[in-house]
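Each chain is listed here by its residues.
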Amino acid sequence: MTKLDVMLEELVTANRILAREGVVDSFGHVTIRHPDHPDRFLMSRARAPDCVEVSDFITFSLDGTPLDAGERKPYLERFIHGACYEARPDVHAVVHNHSPSVIPFGVTNCKLRPLLHMCASMGHDVGVWDSQDKFGDTDLLVSDMDMGRDLAKFLGPGRTALMRGHGAVVVAAMLRHVVFTSIYVEVGAKLQMQAMQMGEVKYLTDGEIDTIIKRVGPYTLNRAWENWCRRAGRPMQELD
Ligand code: MN
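Residues numbered from 1 in each chain as written. Predicted model: local features only at pLDDT ≥ 70, side-chain atom pairs only at ≥ 80, totals over all residues. Heavy atoms only, no water.

Participant: Describe the layout of surface pockets, listing the residues and the values that go with them.
Facilitator: The volume enclosed by the largest pocket comes to roughly 440 Å³. Lining the largest pocket are 18 residues, with Lys3, Met7, Pro35, Leu239 and Asp240 positioned closest to its centre. Of all the secondary-structure elements, those providing two or more residues to the lining of the largest pocket are α1 (3-20), β1 (29-33) and α6 (175-198). Per-element accounting of the lining of the largest pocket gives the leading share, four residues, to α1. Its residues assigned to classes, the lining of the largest pocket comprises nine nonpolar, three polar and six charged. Counted as a void, the second largest pocket has a volume near 370 Å³. In terms of lining, the second largest pocket is formed by 14 residues, of which the most central are His117, Met118, Arg215, Val216 and Thr220. (1 Å grid on protein atoms, 1.4 Å probe; cavity = no way out; pocket = protein on both sides within 12 Å on 5 of 7 lines; lining within 4 Å. Points joined across faces, edges and corners; volume = space filled by probe spheres on them. Helix = DSSP H or I, 4+ residues; strand = E, 2+ residues; numbered from the N terminus. Nonpolar A, V, L, I, M, F, W, Y, C, P; charged D, E, K, R; others polar.)

This is how it looks when you write it as structure tokens:
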């Protein structure tokens, strides 16, 4: 198998895991930057993530132009991914989702913050991008590069941004990490809503978040990945 073949199998697995863990449903997507061509990214054709297979992947340039789609229809919101890769050379994997527990934090003034050590990867400050601010009344879908670039600019150097009335975007330097963060953003949002009903919440400090993020590496990611692979019915691949 070439490096690309391995990455595509891994991307199928990421799609299935995100579906199995409730981060995506019929909608939402996960992509990787092309391992050999940093000016391209790889994304499934428009299909529910739990159904995605290797033959579904299309190569895109960073402006969202499909390069080898043939008759296959791309996702409308591919511009979220292209704009994040364009703005952030450090980013090699992107998830866009409508993860249910994060939605309330996008439509209220209650800020999503990590309160559990596993959730530190969401970052210190999870802001809410509102498409209304610049684009007015739309269908809320990020359906061109203008919107994608505005969202990527809002994300800045961050790891996670919420999208008002819509969902979230999560970025990372590697695929297993973006899946890990996406799952624990959903977990953290649910826990925060529960904790807030009980009283004043003590969140992780900035120093704690930074310390935890430094420790999130293969030891942690591979242990979670093996378990999530089993739950999603996918083989665990050894990566270099
Ligand atoms: Mn969406």
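Participant: Mind laying out the coordination of the manganese ion, listing which residues take part and the relevant values?
Facilitator: Around the manganese ion, the donor atoms from the protein are Glu77 (OE), His96 (NE2), His98 (NE2) and His166 (NE2), and they sit 2.1 to 2.2 Å away. Counting the intervening residues between successive donors of the manganese ion yields the motif E-x18-H-x1-H-x67-H. One end of the pair, histidine 96, is in strand β4 (residues 93-97); the other, histidine 166, is in the loop between β6 (160-163) and β7 (167-172), with 70 residues separating them in the sequence. Histidine 166 matches histidine 96 in its accessibility class, with the two residues each being buried. (Donors = N, O, S within 2.8 Å, 3.2 Å for Na, K, Ca; no water. Buried < 20%, exposed > 50% of the residue type's maximum accessible area, 1.4 Å probe, protein only.)

Participant: Which residues make up the nonpolar core, and what are the values?
Facilitator: If you look at soluble globular proteins, the nonpolar side chains tend to sit buried side by side. Core analysis: the largest hydrophobic core is formed by 66 residues, its most contacted members being Leu175, Val178, Val179 and Trp228. With eight residues, the top contributor of residues to this core is α6. (Core = buried A, V, L, I, M, F, W, Y, C linked by side-chain atoms within 4.5 Å.)

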